[in-house]
Amino acid sequence: MSLKEMLLWILLISGGGFVLLYTALWWLHKRNNHAVRIGRIHSVREGRKGKAVLQREIQALLHKLYTLGMGVPILSEYIKSVRKRLSGLHAYDEYKLRLQTMKMTLFIWGAFICSGIVLLMMKPGLEFAVLALLCGVVINSLILDVAISRMEKRLLAQMIELFANVRHHYHQHGMVEEAISEAADLAGAEAGRHARLIHEALTDVDPHEALERYYESAPNRFLKAFAGISYMVMEFGDRNEEGGSIYLKGLGSLAREIQLEMLRRNKLDYLLKSLNVIALAPVFFTIPIEKWARSSFPSMDDFYQGKLGYITKLTVYIVIILSYFLLQKLQQTNETGYRAGRGRYVWEQRLYRFPIIHNVVDALIPRQQASSYFQITRLLKESGAEIKLEWLYIRRITLFITGLVLSISAVFVLHEAEKTHILYAPVQSGQMFGRLNPTEEKEALKQSEVDRKIMYLLNMRAESTYEQTYAALERNAGGTANTDQLSKNTRRILQKLAAWNEEYIKWWEVLIGLVVGYAAYQMPMLLLYLQRKMRRLDMRHEVYQFQTVISILRAMERMSVEEILEWLNRFSVIFKRPLQKCLLHYEHGPEAALDLLKEEAPLPEFQRLVDKLHLSLGKITIREAFDDLDSHMSYYFEQRKQEYEKMIDSKAIWGRMIGFAPMYGLIFLYLVIPLIGMSFVQMDSYYEQIQKIQ
């Protein structure tokens, strides 16, 4: 069975399964419509009941498909990956999580099958398989990201309404747990579910342990802050300061944060809307452009079927992939995935146990006295990467070998493709426009077959002489060809032999492979620098959250610095490790522990907060140390608002440039520049013919 037939069968089976599933859902819908039509004779209520029955049947079918899919080995891993992406937004709701997972899976498969059919109709073969794989990865990531972004924005909008209801009911009852319970009944589905989970944690026998479990599943930092602030007010009681209740002030600051986050997301989505689709669209236009150019300009065959054509096409695909992933990074609006203590890279640890790899890695790692050692370890610490230095170098070495092998393999494949093109490409007639008729095309293929036969007779030697080639052609023609035709064919075959023997891996191509490998070797370091830069914004978010917590704690009586550090440790994500070290060393000396905390967390805003805690050790009270906290919070809020605006404008500019880069690359690299080059070659050929006539 050929590759084309195998791929066609795979697509047909996948499409057939999708059609059967759609038919089953349509049959259920038709049966329900029939029930609804009968019910309408009696009452509208019966129609609503029929609609509810249809929904239950569809949900039952999706649940059965989920159960069946989890029993298939490879399919179950994919379903688990989709489930993992959606699990944060459907905490503790297993039934709905399964339904959403299966809906998303079926939608992704439907989009992938449709795009695969389009690509198969254009050009089946190995190139189709590569394009289908590329489209599958992009479609999977794109659909999931869009769906999750919509769910997150819907949850944020419901949280604003939830906080307003909590404020209203807190004014009525003055009790946090009652206010949250009543507000949960009025909130939207997603926010109400999380509000009920928070209420269950607050009323648990051990609320501290229950809240820790909830923090692990909370989808955003606002819900964690809301749960923590509510618990603090329940434990220590509310206080009235300038401006009213500290609990209501905390809710107000959280509501402002959510509104700022929603404005940022909406503006970013509006400015970067549809750029992912624009970046992916050239995948479907490479083959039609190639077919049009080859049918309109026959001399373009040498470009598209030659080494330059493959390199250009590969370049266009690389630009598409890079543009898509860069757009994904630009459109990221969520927090970093960093969680203290979660980083485990088992495969690097296993490789490090081999003696050879162990010795190579130890030889590459800088000595502990070297400045580069301190720079790399500091980078690992500031970027929040839960990985050892030895494992980082194993990853770098693996990427270097992978980049080198892939680049050398690509060079080898390109040379083999060029050799095949030299041997089997039809002989060009010199026609510039239009396409060859069937007779001319058959004659061109026949001449190519004759050239290939003569080249094999000459053992593909580049040092073959003109006389040897001419004699071989003359014997093959059997006296039917004239002298001019034999001379022309001899020169063409000698050119082919020279070009065929030039297709070998050269030293500068190996050098390019080494450069690619070195770039892959440096890639983990570049990602660490990027992660450190992105993490600083999350660190500022957390510092602002710390300030909200301290604004409540400072009003409590008999509050100590150690207790504040313990509360900050409960809320922290990025600063969790430094705060844990500080608490461990606190008994041996509070001042030394706070100095260690400043060294472990170099963010200036956090260091100023630690300085205030340092002053509170005995010189002044905590309330006096943080008397200007409200003004600082207002300043930081406005500062971050301004930073958001600058960041959005910068992302919009870069997003438009990156989003349209694949289209520009396709038009100019794959069509315009080859046409211009072909025109110059044709002009040189015509000029030589004119010179001969003269």
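Bear in mind the structure is a predicted one, so any value in this text is a computation, not a measurement.

**Considering the overall build of the protein chain**
- A tally of regular secondary structure across the protein chain gives 28 helices and two strands.
- Classification of the 694 residues of the protein chain by burial places 44% in the buried group.
- In the protein chain, of all internal contacts separated by at least 6 residues, the share reaching a separation of at least 24 is 75%.
- On the protein chain, roughly 38100 Å² of surface is accessible, and the fraction owed to carbon and sulfur atoms is 61%.

**Observations regarding helix 25 (residues 590-600)**
- Ala593, Leu594, Leu597 and Glu600 are the residues of helix 25 that are buried. What you see down the axis of helix 25 is that its buried residues fit within an arc of 120 degrees, all on one side. Opposite its buried face, helix 25 presents the exposed residues Ala592 and Glu599, each directed more than 90 degrees away.

**Examining the packing of aromatic side chains**
- Enumeration according to the criterion identifies 16 aromatic pairs in this entry.
- Taken together, a centroid distance of 6.1 Å and an interplanar angle of 25 degrees make the contact between Tyr466 and Tyr470 stacked. Remark: Tyr470 and Tyr466 occur in helix 20 (residues 466-477); sequence separation between them is four residues, near one turn of the helix.
- You can call Tyr470 buried: its relative accessible area is 18%.
- A network of ring pairs unites the aromatic residues Tyr231, Phe236 and Trp567 as a single cluster.
- Positioned over the ring face of Tyr504 is Lys506, at 4.6 Å from the centre of the ring.

**Observations concerning the environment of Ile198**
- Within the secondary structure, Ile198 is located in helix 7 (residues 189-202).
- Separated by 26 residues in sequence, Ile198 and Lys224 have C-alpha atoms that sit 9.2 Å apart.
- The residues contacting Ile198, other than those within four sequence positions of it, are Ile180, Tyr214, Leu223, Phe226 and Ala227.

**Some remarks on a negative patch on the surface**
- On the surface, Glu200, Asp204, Asp206 and Glu209 cluster together to form a negatively charged patch.
- Along the chain, the position of Glu209 falls in helix 8 (residues 207-217).
- The partly exposed category is assigned to Glu209, whose relative accessible area is 39%.

**Points about the nonpolar core**
- Counting 82 residues, the largest nonpolar core has Tyr247, Leu565 and Phe606 as the members making the most contacts within it.
- If sequence neighbours within four positions are ignored, Phe606 has contacts with Val543, Phe546, Phe575, Leu579, Leu597 and Ala601.

**Quick look at the packing of helix 18 (residues 389-424) against helix 21 (residues 483-501)**
- Where helix 18 contacts helix 21, the two axes come as close as 9 Å, and the packing angle between them is 170 degrees. Looking at the two axes, helix 18 sits roughly antiparallel to helix 21. Helix-helix and strand crossings are classified by hand; for helix 18 and helix 21 the assignment is left-handed. Residue-level contacts link Lys419, Ile422 and Leu423 of helix 18 to Lys496, Ala499 and Trp500 of helix 21.
- Residue classes in the contact of helix 18 with helix 21 are distributed as four nonpolar, no polar and two charged.

**Focus on the pattern of salt bridges**
- Summed over the entire model, instances satisfying the criterion amount to 16 salt bridges.
- We note a salt bridge from Lys612 to Asp628, for which the minimum N-O separation is 3.3 Å. Remark: Asp628 occurs in the loop between helix 27 (622-625) and helix 28 (629-693) and Lys612 occurs in helix 26 (residues 604-615); sequence separation between them is 16 residues.
- Classification of Asp628 as partly exposed rests on a relative accessible area of 25%.
- Salt bridges sharing common partners tie together Glu152, Glu261, Arg264 and Arg265.

About the thresholds
- Residues numbered from 1 in each chain as written.
- Predicted model: local features only at pLDDT ≥ 70, side-chain atom pairs only at ≥ 80, totals over all residues.
- Heavy atoms only, no water.
- Helix = DSSP H or I, 4+ residues; strand = E, 2+ residues; numbered from the N terminus.
- Buried < 20%, exposed > 50% of the residue type's maximum accessible area, 1.4 Å probe, protein only.
- Contact = heavy atoms within 4.5 Å.
- Areas by Shrake-Rupley, 256 points an atom, 1.4 Å probe, with all protein chains shown as cover.
- Arc of directions from axis to C-beta.
- Phe/Tyr/Trp six-rings, centres within 6.5 Å; stacked < 30°, edge-to-face > 60°.
- Lys NZ or Arg CZ within 6 Å of the ring centre and 35° of its normal.
- Patch = residues over 30% accessible without salt bridge, like charges linked within 9 Å, V, L, I, M, F, W, Y side chains within 5 Å.
- Salt bridge = Lys/Arg side-chain N within 4 Å of Asp/Glu carboxyl O.
- Lys, Arg positive; Asp, Glu negative; His and termini not counted.
- Charge placed at Lys NZ, Arg CZ, Asp CG, Glu CD.
- Core = buried A, V, L, I, M, F, W, Y, C linked by side-chain atoms within 4.5 Å.
- Axes fitted to C-alpha atoms, helices over the stretch in contact; angles between N-to-C directions.
- Parallel < 35°, antiparallel > 145°, perpendicular 65-115°, else oblique.
- Left-handed = near helix turned anticlockwise from the far one by under 90°.
- Nonpolar A, V, L, I, M, F, W, Y, C, P; charged D, E, K, R; others polar.

Note that every value here comes from positions in space, so none of it alone points to a role or purpose.
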